[in-house]
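So you can see what is in the structure, the chains are spelled out below.
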Amino acid sequence: LLEFLVRVGPPAVPQLLVHLASASRDVRYYAAVCLAELRPQSAIPKLAEALFDSDYGVRACAMEALAGYSAHDFDQAMSVVHRSVTSPDPERNKAAISAIVELADITGLPALLAALAHNDQRGELARRALVTLTRHDHGASERRWRKWYEDNRNRHRIEWLIDALGHKEAAPARGARTPAGTTRRGGP
């Protein structure tokens, strides 16, 4: 049935978007699978919202789908995620930060820097995300992170990672897996 929906293509998209909001986790998941295959423009806002789904499988499908869109469309979708980094809802906040890290979305760094100002779980999650994305660790100091970002924002992410290998405290860089998308979205 899923293969049939994919073959039907654009005419199936409106129904798939309806099912992406279903109460059934399985229905949402399979709708996301089909949308990831089709990648219609009209699905971008719904896929961005699916990054906050209670089911991690739906989130993963939404991430896979969004990663396949053009850089402009990807950035449009991620703007919703960036705004959610400082959300007072802890689950939405965690999902937003997780999406930024999993998609290696360095355009989310300003949102993560803003979250550092919170002396709660949001700030700590943002700090960990910054360390994962940059392989640098400036602790919980928003001032030091902002200075680092201003000095490095126009450099390619790969340069950040190479620089991190040369630091005395290169523990975050050693043996760390580079998140997917480094070469695609790793530029300035």
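Basis of the calculations
Residues numbered from 1 in each chain as written. Predicted model: local features only at pLDDT ≥ 70, side-chain atom pairs only at ≥ 80, totals over all residues. Heavy atoms only, no water. Helix = DSSP H or I, 4+ residues; strand = E, 2+ residues; numbered from the N terminus. Core = buried A, V, L, I, M, F, W, Y, C linked by side-chain atoms within 4.5 Å. Buried < 20%, exposed > 50% of the residue type's maximum accessible area, 1.4 Å probe, protein only. Contact = heavy atoms within 4.5 Å. Patch = residues over 30% accessible without salt bridge, like charges linked within 9 Å, V, L, I, M, F, W, Y side chains within 5 Å. Areas by Shrake-Rupley, 256 points an atom, 1.4 Å probe, with all protein chains shown as cover. Salt bridge = Lys/Arg side-chain N within 4 Å of Asp/Glu carboxyl O. Polar contact = N/O pair within 3.5 Å; in protein donor to acceptor, adjacent residues only side chain to side chain. Axes fitted to C-alpha atoms, helices over the stretch in contact; angles between N-to-C directions. Parallel < 35°, antiparallel > 145°, perpendicular 65-115°, else oblique. Nonpolar A, V, L, I, M, F, W, Y, C, P; charged D, E, K, R; others polar. Phe/Tyr/Trp six-rings, centres within 6.5 Å; stacked < 30°, edge-to-face > 60°. Lys NZ or Arg CZ within 6 Å of the ring centre and 35° of its normal.

Engineer: So what exactly am I meant to see when it comes to unusual backbone geometry here?
Structural biologist: Excluding glycine, residues mostly have negative phi values, and the peptide bonds linking residues are mostly trans. One non-glycine residue with positive phi stands out, namely Ala104, at about 50°. Considering the arrangement of structural elements, one finds Ala104 in the loop between α7 (90–102) and α8 (109–115). At Arg135, a residue that is not glycine, the phi angle is positive and equals roughly 60°. Secondary-structure assignment places Arg135 in the loop between α9 (121–134) and α10 (142–152).

Engineer: Mind showing me how you'd approach the nonpolar core here?
Structural biologist: The nonpolar side chains of a soluble globular protein tend to be buried with one another. Within the largest apolar cluster, 55 residues are counted, with the highest numbers of intra-cluster contacts made by Leu35, Leu47, Leu51, Val81, Val85, Leu109 and Leu112. Filtering out sequence-adjacent residues up to four positions away, Val85 remains in contact with Asn93, Ala96, Ile97, Ile100, Ala111, Leu112, Ala115 and Arg122.

Engineer: Explain a nonpolar patch on the surface to me, please; I cannot follow it from the model alone.
Structural biologist: A surface patch of nonpolar side chains, amounting to about 340 Å² of accessible area, comprises Leu1, Phe4 and Val8. On the secondary structure map, Leu1 appears in the segment before α1 (2–8).

Engineer: Got a minute to help me understand the pattern of salt bridges in this structure?
Structural biologist: Should their charged atoms come close, side chains of opposite charge can pair. Applying the stated criterion across every chain yields a total of 13 salt bridges. When the shortest N-O distance is used, the salt bridge between Arg92 and Glu49 registers 3.0 Å. A residue pair is termed long-range when its members are at least 10 positions apart, and Arg92 in helix α7 and Glu49 in helix α4 (residues 44–50) qualify at 43 residues. Using a relative accessible area of 23% as the deciding quantity, one classes Arg92 as partly exposed. Residue Glu49 is classed as partly exposed on the basis of its relative accessible area of 39%. Between Arg155 and Asp163 there is a salt bridge whose closest N-O contact spans 2.6 Å. Given the relative accessible area of 23%, Arg155 is considered partly exposed. When its relative accessible area of 30% is taken as the criterion, Asp163 is described as partly exposed.

Engineer: Would you mind showing me how to read the side chain of Arg122 here?
Structural biologist: Take Arg122: it is sitting in helix α9. Of note is the side chain of Arg122, whose polar atom sits 3.2 Å from the side chain of His118. A polar contact of 2.8 Å, which involves the side chain of Arg122, links it to the side chain of Asp120.

Engineer: Which parts of the structure should I look at to understand the packing of α7 against α9?
Structural biologist: Think of two packed helices as two axes; the pair is described by the angle between the axes and how far apart they sit. Running from N to C, α7 and α9 point in directions that differ by 5°, and their axes come no closer than 10 Å. Taken as axis vectors, α7 and α9 run roughly parallel relative to one another. For the pair α7 and α9, contact is made by Pro90, Asn93, Lys94, Ile97, Ile100 and Val101 and by Gln121, Arg122, Leu125, Ala126, Ala129, Thr132 and Leu133, respectively. When grouped by side-chain class, the residues that make up the contact of α7 with α9 number eight nonpolar, three polar and two charged.

Engineer: Teacher, can you tell me more about the packing of aromatic side chains here?
Structural biologist: Each aromatic ring pair is characterised by the separation of its centres together with the angle its planes make. Per the stated rule, a full pass over the model turns up three aromatic pairs. Here Trp145 and Trp148 contribute two aromatic rings whose centre-to-centre distance is 6.1 Å and whose plane-to-plane angle is 80°, an arrangement assigned as edge-to-face. Of this pair, Trp145 and Trp148 both sit in helix α10, three residues apart, which is roughly one turn of the helix. Like Trp148, Trp145 is buried. When the centroid spacing of 5.0 Å and the interplanar angle of 70° are considered together, the rings of Trp148 and Trp160 count as edge-to-face. In this pair, Trp148 sits in helix α10 while Trp160 sits in helix α11 (residues 157–165), placing the two residues twelve residues apart along the sequence. The residues Trp148 and Trp160 share a single accessibility class, namely buried. Three or more aromatic residues link up through ring pairs in this structure, and these residues are Trp145, Trp148 and Trp160. Of note, Arg92 hangs over the ring of Phe52, and the distance from its end group to the ring centre comes to 3.8 Å.

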